[in-house]
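# Architecture and fold: a report
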Amino acid sequence: QVQLVESGGKLVQAGGSLRVSCAASGLTFNFYTVAWFRRPPGKEREIVAYINRSGGTTYYTDSVKGRFTISRDSVKNAIYLQMNSLKPEDTAIYYCAAAPGDTVATGPSGYNFWGQGTQVTVSS
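The model shown is predicted, which means the values in this text are computed figures rather than measured ones.

Scoring rules and cut-offs
Here, residues in each chain are numbered from 1, in the same order as that chain's written sequence. Totals for whole chains, interfaces and linings use every residue, but because this is a predicted model, local features are given only for residues with pLDDT of at least 70 and side-chain atom pairs only at 80 or more, for both listing and counting. Side-chain metrics in this entry use all non-hydrogen atoms of the structure; hydrogen atoms and water are not considered. Each helix corresponds to a stretch of at least 4 residues labelled H or I by DSSP, and each strand to a stretch of at least 2 residues labelled E; elements are numbered beginning at the N terminus. Using C-alpha atoms as the atom set, the radius of gyration is obtained and then compared with a globule rule of 2.2 Å times the number of residues to the power 0.38. Only protein chains enter the accessibility calculation, which uses a 1.4 Å probe. A residue is then buried if its area is under 20% of the maximum for its type, exposed if over 50%, and partly exposed in between. Take a side-chain nitrogen of Lys or Arg and a carboxyl oxygen of Asp or Glu: if they are within 4 Å of each other, that pair is a salt bridge.

Across its full length, the protein chain holds 0 helices and 11 strands. A compact globule built from 124 residues would reach a C-alpha radius of gyration of about 14 Å, and the protein chain, at 13 Å, matches this within 12%. Taken along the three principal axes of its C-alpha coordinates, the protein chain extends 40 × 25 × 25 Å. Looking at the protein chain as a whole, 44% of its 124 residues are labelled buried.

In structure tokens form, the structure reads like this:
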């Protein structure tokens with residue numbers, strides 16, 4: 001049974017930093033493209049970033065470029081999202097998701113497995 005579990009979300013002040021993590025069981029991230037999505041209050045789920053199987057290709061949505069970094073740890077079978085210079089508009093539930101192989105999908109339908117999410121709240 002595949003399970004993705006996010007952790008690390010919390011309340012932070014604007015300008016601060018936070019790292020959220022995603023751990024997997026029943027699935028080896030080395031064989032998957034893994035993404036972070038977020039759902040801001042009252043809005044649709046949107047992609048934040050993805051990283052391909054090798055880690056050689058990454059994608060970031062425009063609003064987080066230069067502030068967020070996605071990375072993977074093959075030994076720990078984990079994915080991270082380092083978030084710096086946080087803004088109130090980054091407030092959202094953050095989800096990790098996985099798709100087999102290499103994909104360039106930026107929509108939720110392109111991903112097969114999802115975690116339950118972790119809440120990140122940025123206060124002004």
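Glycine aside, residues mostly have negative phi angles, and peptide bonds mostly take the trans form. Positioned with a positive phi, N77 is a non-glycine residue whose angle comes to about 55°. For N77, the location among the structural elements is in the loop between strand 7 (68–73) and strand 8 (78–83). N77 gets classed as buried once you look at its relative accessible area, which sits at 15%. Located in the positive-phi region is S85, a residue other than glycine, with phi close to 50°.

So, about the pattern of salt bridges. Applying the stated criterion to the full structure yields 5 salt bridges. Among the ionic pairs, D62 bridges to K65, the shortest N-O distance being 3.0 Å. K65 carries the same exposure label as D62, and that label is exposed. Between R67 and D90 there is a salt bridge whose closest N-O contact spans 2.8 Å. Of the two residues, R67 sits in the loop between strand 6 (58–60) and strand 7 while D90 sits in the loop between strand 8 and strand 9 (92–100), which places them 23 residues apart along the sequence. Relative accessible area serves as the criterion here: at 10%, R67 is assigned to the buried category.

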